[in-house]
Each structure stands twice: as C-alpha cells, then as structure tokens.
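Observations on chain architecture
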2 protein chains.
Amino acid sequence: MIERIAILGTGLLGTSVGLALRAAGFRGSIVGWNRSAEGAQVALSMGAIDSIAADPLQAARESQVVLLAVPIYATLDFMEKLAGVLGPEHLVTDVGSTKGRITADAGRLFNRPDCAAFLPGHPMAGKERGGAALGDANLFRGAVWLFTDNPAWERSAHAAALVKAWRELVAAMGSKTIDLDPARHDELVAWVSHLPQFVATALSALLQEQVGDAPELKDVGGRGLREMTRLGASPYSMWRDIAATNTEAVQAALLALEQRLAHIRENLRTPELRDEFEKANRFRRG
Amino acid sequence: MIERIAILGTGLLGTSVGLALRAAGFRGSIVGWNRSAEGAQVALSMGAIDSIAADPLQAARESQVVLLAVPIYATLDFMEKLAGVLGPEHLVTDVGSTKGRITADAGRLFNRPDCAAFLPGHPMAGKERGGAALGDANLFRGAVWLFTDNPAWERSAHAAALVKAWRELVAAMGSKTIDLDPARHDELVAWVSHLPQFVATALSALLQEQVGDAPELKDVGGRGLREMTRLGASPYSMWRDIAATNTEAVQAALLALEQRLAHIRENLRTPELRDEFEKANRFRRG
C-alpha cells in the first residue's frame, strides 16, 4: 500500500534507508530532499532516491510515508510544519536518537483520527562519519530499530495499516524491532549509546592534548585504542541535539562512570580491582 | 646465529611469537614451557613450539634466546633465576607491558660483559582473551614493538649480535620497532593502552550493573557499544601486574579523564561541548 516515500534529509541514514528499501525489494517511488543540494545529488547518483524535491512539504504531501532523517531539532521543526499540511492519508516517521520530545510532539500534533499518523523510530545503526556518500544498503542488517509508539493513540484503520506496512519494511531492511516507552528509551540509550559516545569523545580529546603532536605514537595503541576512539570522529552537529534533549539521563550516566573510574584509580593495588574486572568480564560474556 | 629459542610462557603472546617466527622463516628449534601443561600442549599441537621443556631454566641454558612471555611479576621472578644460570652466550628478552621495573632489573642482573644480555621489549599487540588456542601468526603484523634498551649497557660483540638478530626477527614478524626511554614508555602506554583498558573495564562493569539483567538490550548499543566494551573481557590476572607496576602514570591518566568527563557533563548544553567534539575529531584525523 506504500507507493511513494519521501525521505527528508539524505545524509548517512536517509541515504542508507533509500538503498536498503531498494535492496529489500521496495518498488514504489522514493523522493528525497536535503538541506544541501549536494547531499541530495549524491543520494540520487547512488540510487537511494529517484528524484529530488524542491519543496520538502510538497514532497511530503505527495507521499504516503514521510521519513524525517535530520537532527532532532530539525525533526521537531518539520513536525510542526508537516502537521499543518498532512492529513489522515499520511504516516510520518523519524530516526531521531532521543524520543521524549519527539514522542510528546507526536501526540500533540499527530495521531488523532483526523490527523496524519506519526510513528517515532530510532534505528540503532550509524557510522562515526556522516554524509550520503557513506550510505550503505546493509547498515540496518542485524541492527535493532526501536519504536516508542503510544498504544493510547487513536488511529484510523488506514493509518494503522500504514504503520504496519512501514514496520514490515523495517523488518525487510534486516532490523529487529523493539517497542519501548519513550522515557525508558531515553534512559536506556543514555547508557548503551550516548555514554559510550561521550566517553570516546572525552578520551579522544584528552589524547589529542597528550599525544596529538606525535602522530607516530598513536600507532602504539593498536586496535584497542583505535576502537576506543573511533566514535571520537562523530560530528558535534548531530550530538548537540542529543545532548540537549537527553541531558539529565546523560548526566547521570557520565557521573556514574566518573565515580567508577575514581574507584578503579583508588584501587589499582587492592583486590577491589579484581571485582571490577570480573564484573566487566561478565558483561562481555552475558 | 640464533639456532634455538626458548619461549617461557606459551599463552597468547608466546604461542603467537612461535607461530610468527615460523611464518617468518625461522628454521632453528623452539622449545616451550608453560605453567600449565595444557597450554604447552596446545602450543605444541599448533606448531608454535617443537618440544615442551620440563625445566624452564634448563631450556633457557640450552638456547641462545630466551623469550619471557608471562605476566610482569612472573617475568621479574624469572629474571632473578635466569641471571644465576645464564652467561654471555645468552640473550633474554620479554613482552611485559610496563618497562620501568623490568629495565631496572635488566641493568642490575644482566647487560655486563660477563653476564647474559637482556633486551626489554613490548609488542603492542594482543587480544582481549588469552590462551595458546588464540595464538596467531599474524598478531604482530603491522603492530609496533617497543624496546627500552639502555645505550649505556656494555655488551660483548656476541651479545650485541644476538640483540641485532632478535630485532631482525621482530621486523620479520611484521612489526615496526620503536626505541623509548623506559620512563617515557610507561607514561606513553598509560595514555594509549592502559587508560583505554581501564575505561573499557569501568564502562563494562557499570553497564553490567545497569543492563546486565536484560541481555537483549545489549544489542541496542550496536557496533559502538561492542567496540567500547570489547576490552572489558581482558583478564585481571594480566592487568593486576600492570596496575601495580605503573600505578602513578595510570592514576594521572584516569584522573585526567574523570575531569574531562565532568567537564562534558557540565557543558552538555553549552558551546564548550563543540570544543570537545572538535578536539576529538582532530585526534581521529591527525
């Protein structure tokens, strides 16, 4: 039943969704829009989209499904604008990394019988660098795609069918879907996604100061150092919005890690260190 | 000129050296000894060693080169014992991850004209799990192998030739060698190797408490989480000695990271966060 999809934002994620939809056998049309024309051209040349829209709102009106694949505050802006121009024949979904604000706005602006439907989504996939050129049809294969849908929302049968069709496309792209409450989502990703990112940023920034002037010494760290700092390449432009919309949960996770590091620092020569290694070993085995 | 090598400790590193020597074309004999007989048997069955020694000191006496591939305190114990039974026809070298204590003992017990030579070494290669069965002929390919030799040591021409021959074998195993002062070595590895390890341990132990009871949620973190916690599987038995012999440098690195994380935590909504991301980006680009 989905014949036309609009992808608003053809960066790494939007382009990868276009490519993954094609790889999964989606035969409808895909129109793309991007803030910078160059990113849309790259997505077009890669076959992730069939055409470039001049006006994102018009492209959304002409599609059944609208995927917002832009940073979180840009997603919130689009939600306000789209709510005014779309109707019950449309489904909007997104890929934002925090879901509290977006899900609240989805309840305020969408998901009533006379409104467009909005399904808040979050694929747990990405790369440390963005951009259409890194788009990858296999990015979502084996990944988890989280949804924070609200069972209390009243949708028309048509809207419910669109939601079901989009979930089937997500599964066809190779992802396992998990449904979570938005507050639980934001707390969980603070631990398993945002904390690792800010740790990699802190470690990379610190090492830049300590050994950044001796690039030959970076090789000394080997694979372990490369892996622990890979996410250090992640762009501020994306993480600014995440930090601003999940501040309390990220603060709690960072503080807990600071305390853990201090505990290890104070116990480098005591048997407490064994307990930390054994607990860490259990996490990797579990 | 090296016809017989004794590898004392056929864990991951000792077994990998045996395999890498063979892959590099070393045609002499390799005798192995391991604290647990099973580890020696595995190394033998993999072709990393030709025979198993019942007595490590006798095996050392019958070889030109003795490689100590055991934890640091066991290395220091072997150094005391070997100094009493070896002579100027022998070279002892090691793979220990901290070099201050070992290099000091090497000067006290070896490296005089009438003594065996000792070349302190540290290959920057490993895996998060140990054991002979994970031994890998390519473990040292593309890695850095550090030495903390002391130019003031007086060695016979024969000992100097053995040192040169071992360095050539290390290069043949695919490693790039770098010479460092031992204090500089220990400070450097505190930043690029020990800090990443203790961070991975702290992060893994913390996440074990937070989400360890919901293993399905670990998948949510994806590749980033897997990489940031891979070293969490590292064994306490190895890291205890590293923590105990490089305590001050590791403490300084941990404290600096704690302060960095606190700075990020206090600036999740300020432009300071941009500076941290840009510095981290530079480290990955540099």
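Bear in mind the structure is a predicted one, so any value in this text is a computation, not a measurement.

Further remarks concern the relation of the copies chain B and chain A. With an RMSD of 0.0 Å, the fit of chain B onto chain A corresponds to turning through 180° and sliding 0.0 Å along the axis. What the superposition gives is, in effect, a two-fold axis relating one chain to the other. When you check the interface residues of chain B against chain A, 100% turn up at the interface there too, and the contact is symmetric in its surfaces.

According to the stated counting rule, one finds 34 salt bridges over all chains in the structure shown. Put simply, Lys99(A) and Asp94(A) hold a salt bridge, and the shortest N to O gap is 2.9 Å. Across the pair Asp136(B) and Lys127(B) runs a salt bridge, and its minimum N-O distance is 3.8 Å. Each of Glu128(A), Arg230(A), Arg223(B) and Glu227(B) takes part in salt bridges that share partners, so that together they form one network.

Here we take up the sheet that holds strand β1 (residues 4-8) of chain B. Two pairing modes exist for strands in a sheet, parallel and antiparallel, and in both the strands are linked by backbone hydrogen bonds. If you walk across this open sheet you meet the 6 strands as β3-β2-β1-β4-β5-β6 (chain B), and the pairing is parallel. Both outer strands of the open sheet, β3 (51-52) and β6 (117-119) of chain B, are each paired with one neighbouring strand and no more.

A separate point is the interface of chain B and chain A. Taken residue by residue, the interface counts 78 residues in chain B and 79 residues in chain A. Across the chain B to chain A interface the summed buried area is about 8100 Å²; carbon plus sulfur atoms make up 69%. Inspection of the chain B/chain A interface yields 8 salt bridges. At the level of elements, β8 (144-147), β9 (176-179), α7 (182-211), α8 (218-229), α9 (236-245), α10 (247-266) and α11 (272-285) of chain B are the ones that each hand at least two residues to the side of chain B that touches chain A. The element best represented in the side of chain B that touches chain A is α7(B), accounting for 21 residues. Its residues assigned to classes, the side of chain B that touches chain A shows 44 nonpolar, 15 polar and 19 charged.

Residue and element names in this part refer to chain A. Reading across from one edge, β3-β2-β1-β4-β5-β6 is the order of the 6 strands in this open sheet, with parallel pairing throughout. Lying at the two open borders of the sheet, with one neighbouring strand each, are β3 (51-52) and β6 (117-119). Two strands pair when backbone bridges link them, and strand β2 (residues 29-33) and β3 are joined in this way by 2 bridges, in the parallel orientation. Looking at β3, one finds that Gly32 is bridged to Ile52.

In this section: unusual backbone geometry. Positive phi, normally seen in glycine, also occurs at Asn111(A), with a value near 60°. As for its position among the elements, Asn111(A) is in the loop between α5 (100-109) and β6.

Let us look at the environment of Ala74(B). Residue and element names in this part refer to chain B. Within the secondary structure layout, Ala74 lies in helix α4 (residues 72-85). What makes Ala74 partly exposed here is its relative accessible area of 27%. It is 12 Å that separates the C-alpha atoms of Ala74 and Arg101, two residues lying 27 residues apart in sequence.

All names here are of chain A. With 4 of 5 residues buried, β2 lies mostly within the body of the structure. Note: strand β1 (residues 4-8) against β2, 5 bridges, orientation parallel. Counterpart to Ile5 in the pairing with β2 is Ile30. Handedness of the crossover joining β1 and β2 through helix α1 (residues 12-23): right-handed.

All names here are of chain B. Structurally, the position occupied by His194 is in helix α7. Given the relative accessible area of 0%, His194 is considered buried. In this structure, His194 is in contact with Ser97, Thr98, Val189, Trp239, Ile242, Asn246 and Val250, ignoring residues within four places of it in sequence.

Okay, the packing of helix α4 (residues 72-85) of chain A against helix α9 (residues 236-245) of chain A next. Residues and elements named next belong to chain A. Running from N to C, α4 and α9 cross one another at 75°; their axes reach a closest spacing of 8 Å. In terms of orientation, α4 lies roughly perpendicular with respect to α9. Along its contact with α4, which presents Ile72, Tyr73 and Ala74, the element α9 presents Asp241, Ile242, Ala244 and Thr245.

In this model, chain A carries an average pLDDT of 96, and 100% of its residues clear a pLDDT of 70 or more. Interface confidence for the predicted complex, expressed as ipTM, amounts to 0.92; the pTM equals 0.93.

Conventions we followed
Residues numbered from 1 in each chain as written. Chains lettered and ligands numbered in written order. Predicted model: local features only at pLDDT ≥ 70, side-chain atom pairs only at ≥ 80, totals over all residues. Heavy atoms only, no water. Least-squares fit on C-alpha atoms with pLDDT ≥ 70 in both. Contact = heavy atoms within 4.5 Å. Salt bridge = Lys/Arg side-chain N within 4 Å of Asp/Glu carboxyl O. Pairing = 2+ DSSP bridges. Helix = DSSP H or I, 4+ residues; strand = E, 2+ residues; numbered from the N terminus. Buried area = accessible area lost by both parts, 1.4 Å probe. Nonpolar A, V, L, I, M, F, W, Y, C, P; charged D, E, K, R; others polar. Buried < 20%, exposed > 50% of the residue type's maximum accessible area, 1.4 Å probe, protein only. Right-handed = clockwise from strand over helix to strand, strands pointing away. Axes fitted to C-alpha atoms, helices over the stretch in contact; angles between N-to-C directions. Parallel < 35°, antiparallel > 145°, perpendicular 65-115°, else oblique. pLDDT = per-residue confidence, 0-100.

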